Amino acid sequence: MSIKAKYLVNKKVRGFLIKDWKRQNKQTYLYVECPYCHNMKWMRSDGIVSSKSKIISCGCYNKTHNYKKPTNITNKAFGRLKAIRSTNERSLYNGSVI
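Bear in mind that the values here come from a model prediction, so they are computed numbers and not experimental data. (Residues numbered from 1 in each chain as written. Predicted model: local features only at pLDDT ≥ 70, side-chain atom pairs only at ≥ 80, totals over all residues. Heavy atoms only, no water.)

### Remarks on the overall build of the protein chain
Item 1. The helix and strand inventory of the protein chain stands at 2 helices and 6 strands.
Item 2. Counting from the amino terminus, helix and strand elements in the protein chain follow one another as β-β-β-β-α-α-β-β.
Item 3. A globule of 98 residues ought to have a C-alpha radius of gyration of about 13 Å, yet the protein chain, at 21 Å, is considerably larger.
Item 4. The dimensions of the protein chain, computed from C-alpha atoms along their principal axes, are 65 × 25 × 20 Å.
Item 5. Residues classed as buried in the protein chain amount to 20% of the 98 residues present.
Item 6. A fraction of 19% describes how many contacts in the protein chain between residues 6 or more apart in sequence connect residues 24 or more apart.
Item 7. Here the protein chain holds 21 positive side-chain charges and 4 negative ones, and the gap between their average locations is 8 Å. (Helix = DSSP H or I, 4+ residues; strand = E, 2+ residues; numbered from the N terminus. Rg over C-alpha atoms; globule rule 2.2 N^0.38 Å. Buried < 20%, exposed > 50% of the residue type's maximum accessible area, 1.4 Å probe, protein only. Contact = heavy atoms within 4.5 Å. Lys, Arg positive; Asp, Glu negative; His and termini not counted. Charge placed at Lys NZ, Arg CZ, Asp CG, Glu CD.)

### Observations regarding the sheet that holds strand β4 (residues 40–44)
Item 1. Overall, antiparallel pairing links the 4 strands, which are arranged β1-β2-β3-β4 in an open sheet. The open sheet has two edge strands, β1 (12–13) and β4, and neither has a second partner.
Item 2. With 7 bridges connecting them, strand β2 (residues 16–24) and strand β3 (residues 27–33) associate as antiparallel partners. Within β3, the residue paired with Trp-21 across the bridge is Leu-30. (Pairing = 2+ DSSP bridges.)

### Looking at a nonpolar patch on the surface
Item 1. Together, Ile-73, Phe-78 and Leu-81 make up a nonpolar patch on the protein surface, roughly 320 Å² of accessible area in all.
Item 2. Relative to the assigned elements, Leu-81 resides in strand β6 (residues 81–82).
Item 3. Taking relative accessible area as the criterion, Leu-81 reaches 63% and is therefore assigned exposed. (Patch = residues over 30% accessible without salt bridge, like charges linked within 9 Å, V, L, I, M, F, W, Y side chains within 5 Å. Areas by Shrake-Rupley, 256 points an atom, 1.4 Å probe, with all protein chains shown as cover. Salt bridge = Lys/Arg side-chain N within 4 Å of Asp/Glu carboxyl O.)

### Remarks on the pattern of salt bridges
Item 1. Under the criterion given, the structure shown has 2 salt bridges.
Item 2. A salt bridge links Arg-44 to Asp-46, with the shortest nitrogen-to-oxygen separation between them at 2.7 Å.
Item 3. Of the residues examined, Asp-46 reaches a relative accessible area of 40% and is grouped as partly exposed.

### Things to note about the nonpolar core
Item 1. Formed by Ala-5, Leu-8, Val-13, Phe-16, Ile-18, Leu-30, Val-32, Met-43 and Ile-48, the largest nonpolar core amounts to 9 residues.
Item 2. Of all elements in the fold, only β2 and β3 reach the threshold of two or more residues within this core.
Item 3. Beyond its immediate chain neighbours, meaning those up to four positions away, Val-32 contacts Phe-16, Leu-17, Ile-18, Asn-39, Met-40, Lys-41, Met-43 and Ile-48. (Core = buried A, V, L, I, M, F, W, Y, C linked by side-chain atoms within 4.5 Å.)

### Looking at the environment of Ser-53
Item 1. Tracing the backbone through its elements, the reader meets Ser-53 in the loop between α1 (45–49) and α2 (60–65).
Item 2. A residue is classified by how much of its surface remains accessible, and Ser-53, at 16% relative accessible area, is buried.
Item 3. Sequence separation of Ser-53 and Cys-37 is 16 residues, and the distance between their C-alpha atoms is 20 Å.
Item 4. Excluding residues within four positions of it along the chain, Ser-53 makes contact with Arg-14, Asp-46 and Gly-47.

### Some points on the packing of aromatic side chains
Item 1. Under the definition given, this model contains 1 aromatic pair.
Item 2. Plain terms: the ring middles of Tyr-31 and Trp-42 are 4.9 Å apart, the flat faces sit at 45° to each other, and that makes the pair tilted. Here Tyr-31, found in strand β3, pairs with Trp-42, found in strand β4; they are 11 residues apart in sequence, far enough to count as distant.
Item 3. It is Lys-22 that lies over the ring of Tyr-29; its NZ or CZ is 5.9 Å from the centre. (Phe/Tyr/Trp six-rings, centres within 6.5 Å; stacked < 30°, edge-to-face > 60°. Lys NZ or Arg CZ within 6 Å of the ring centre and 35° of its normal.)

This is the structure in structure tokens:
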């Protein structure tokens, strides 16, 4: 990290307001305020400070904006199987419709 973490306190970096910092397990963590939901969260500094990183939120933006819209497959045939309707059941692993 080219900029010392202690100099970033009370400054905005890529939209995040940095409140505090700490070193743990040879990593630097920043206590930041998310620009979208205003929640406070400890995040690794290399994810926030690095220009190569694409992090723009604490994860809240992805939950509301970057989800894949479900495709309606009612009455479509898949080999000898035909989809009749979707259910309210979801896969535990990836959230797909069962």
